[in-house]
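Results of the structural survey
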Amino acid sequence: MTAVAVTGMGIAAPNGLGAADYWAATLGAKSGIGRITRFDPSGYPAQLAGEIPGFEAADHLPGRLLPQTDRVTRLSLAAADWALADARVDVAAFDPLDMGVVTASHAGGFEFGQDELQKLWARGSQFVSAYQSFAWFYAVNSGQISIRHGMKGPSGVVVSDQAGGLDALAQARRLIRKGTPLIIGGAVDASVCPWGWVAQLAGGRLSDSDEPTRAYLPFDRDARGYVPGEGGALLTLEPTEAARARGATLYGELAGYGATIDPPPHSGRPSSLRTAIRTALDDAAAAPADIDVVFADGAGVPDLDRAEAAAISEVFGPGRVPVTVPKTMTGRLHSGAAPLDVACALLAMRAGLIPPTVHIDPCPEYDLDLVLYQARPATVRTALVLARGHGGFNSAMVVRAAPAGT
Amino acid sequence: MSEQRFTLDDLKRILVEAAGADEAAPPDDDILDTTFGDLGYESLALLETGGCIEREWGIALDDDTLSDALTPRELIRTVNERLAAARVA
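Keep in mind it's a predicted model, so treat the numbers as computed, not measured. (Residues numbered from 1 in each chain as written. Chains lettered and ligands numbered in written order. Predicted model: local features only at pLDDT ≥ 70, side-chain atom pairs only at ≥ 80, totals over all residues. Heavy atoms only, no water.)

Chain A puts 14 residues into the contact, and the matching count from chain B is 16 residues. A combined buried area of about 1100 Å² lies between chain A and chain B, and 49% of that area is made up of carbon and sulfur atoms. Three residues, Arg64, Ala130 and Tyr131 of chain A, lead the burial of chain A against chain B; their summed loss comes to 56% of the area buried on that side. Seen at the junction of chain A and chain B, the total is 0 salt bridges. For the pair chain A and chain B, the number of links is 7 residue pairs in polar contact (both at pLDDT 80 or more). (Contact = heavy atoms within 4.5 Å. Buried area = accessible area lost by both parts, 1.4 Å probe. Salt bridge = Lys/Arg side-chain N within 4 Å of Asp/Glu carboxyl O. Polar contact = N/O pair within 3.5 Å; in protein donor to acceptor, adjacent residues only side chain to side chain.)

Take the side chain of Ser105 of chain A next. All names here are of chain A. Its place among the elements puts Ser105 in the loop between strand E5 (99-104) and helix H4 (110-123). The buried category is assigned to Ser105, whose relative accessible area is 1%. Within the structure, the side chain of Ser105 is placed 3.1 Å from the backbone nitrogen of Gly108, a separation counted as a polar contact. Setting aside residues up to four positions removed in sequence, Ser105 forms contacts with Tyr138, Val157, Val158, Val159, Asp189 and Ser335. (Helix = DSSP H or I, 4+ residues; strand = E, 2+ residues; numbered from the N terminus. Buried < 20%, exposed > 50% of the residue type's maximum accessible area, 1.4 Å probe, protein only.)

The next subject is the pairing of strand E15 (residues 382-389) of chain A. All names here are of chain A. Most of E15 is tucked away, with 8 of its 8 residues classed as buried. Neither face of E15 is left uncovered, since the one carrying Thr382, Leu384, Leu386 and Arg388 and the one carrying Ala383, Val385, Ala387 and Gly389 both have all their residues buried. Two strands pair when backbone bridges link them, and strand E10 (residues 293-295) and E15 are joined in this way by 3 bridges, in the parallel orientation. In the sheet register, Val294 faces E15, and the bridge partner there is Leu384. Pairing of E15 with strand E16 (residues 393-400) involves 8 bridges; the strand directions are antiparallel. Note that in E16 the partner of Leu384 across the bridge is Val398. (Pairing = 2+ DSSP bridges.)

Here's what the structure looks like:
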């Protein structure tokens, strides 16, 4: 089976714009969570978010793209540019049908949609932009990246909330195995606007704390919900052998994947996350002892934390594998979270450092070896990334350092 | 009803509003007889441009007016014909 390598990454995170800034912030335990600045949050029960500072779309994109794009698409286009540049891919050297785009999306372009709904309500239908036909849409990021770089091969979008970020990478891997030589895969989500905010409030899992260091506390006894954020990562994916042949630098490989759906909430049956983990390990031909670190989903909701801790302990043994939640520094980025964790895992391999989980005082009941406060030196060759989406989606991905070249 | 006419400057302003500024080639006076297609405005950009003109000038354009074979000169003429008809009516 064709091995699939990550050859480039484009990162936009609340604690760092670009891979170098994000990695430096993450190792330095620098959080990007704060009071919302993009709108006045005073009237809402939750007021903290991980916002990306300093992203001026006009600095990164042609003016022609601005009237037709939501913030999430502008961030996605910039991240895709960076992922291609990082991979030193000459797009013109590929047949357009040999390049595809697979992204995940949790909300689509909510802020754009909000503006158009406000025009519809206040001024009438003739004031709604023609671009609303696609600018809000879940698939818009895949579409705009595809148009910008002339990528006409197999493409798509996955909508499964936080799990979608891994599901998109898995779909990208499938498409490469079926013969497409280059895929941009991953996700960036961004819906920090009033409409996006009330939609998340309705989900009932937002933290109502207004203390940035006490609001999002996965695996802590005081876990009280999550803080949302904006951002994520897009990755350049290629067949390992072909990437080597063109002289690319390999971050690592997407080695295994598994996904399950949880039983109904009141069934009394346990989460099927452990099955997703085992499936991903089997797919990667990896034993639990091969995993050097787990990037946990870290829901920050007590029931979900308990289920995730139980799944990790059951598969690996209590406290037997280092576990980290660097998203304690970004908030939960929905579909963008897991691709960012995958990128983070690859950067951890390169640096020999496991990034920390910040702000939490772990609940002893969970039996996890959490990497707290500061980065931990470690040889990381194989990592497991977990992502769980609202509605019972569980996904797990094994990421492995690329084997030495010949 | 005013006697105001729709000019190339009005069109250029609306094109930037509806379709964004193109740093490489801002719309200038030479565009009058180049088709919108050749100027790089695709169908949705033209639809949005037409919608902006309709809203701002209080006229209705036919759906088939805005094709990429249209030139700015032809569009300006059509808009002014609609404005004249509206004044008569």
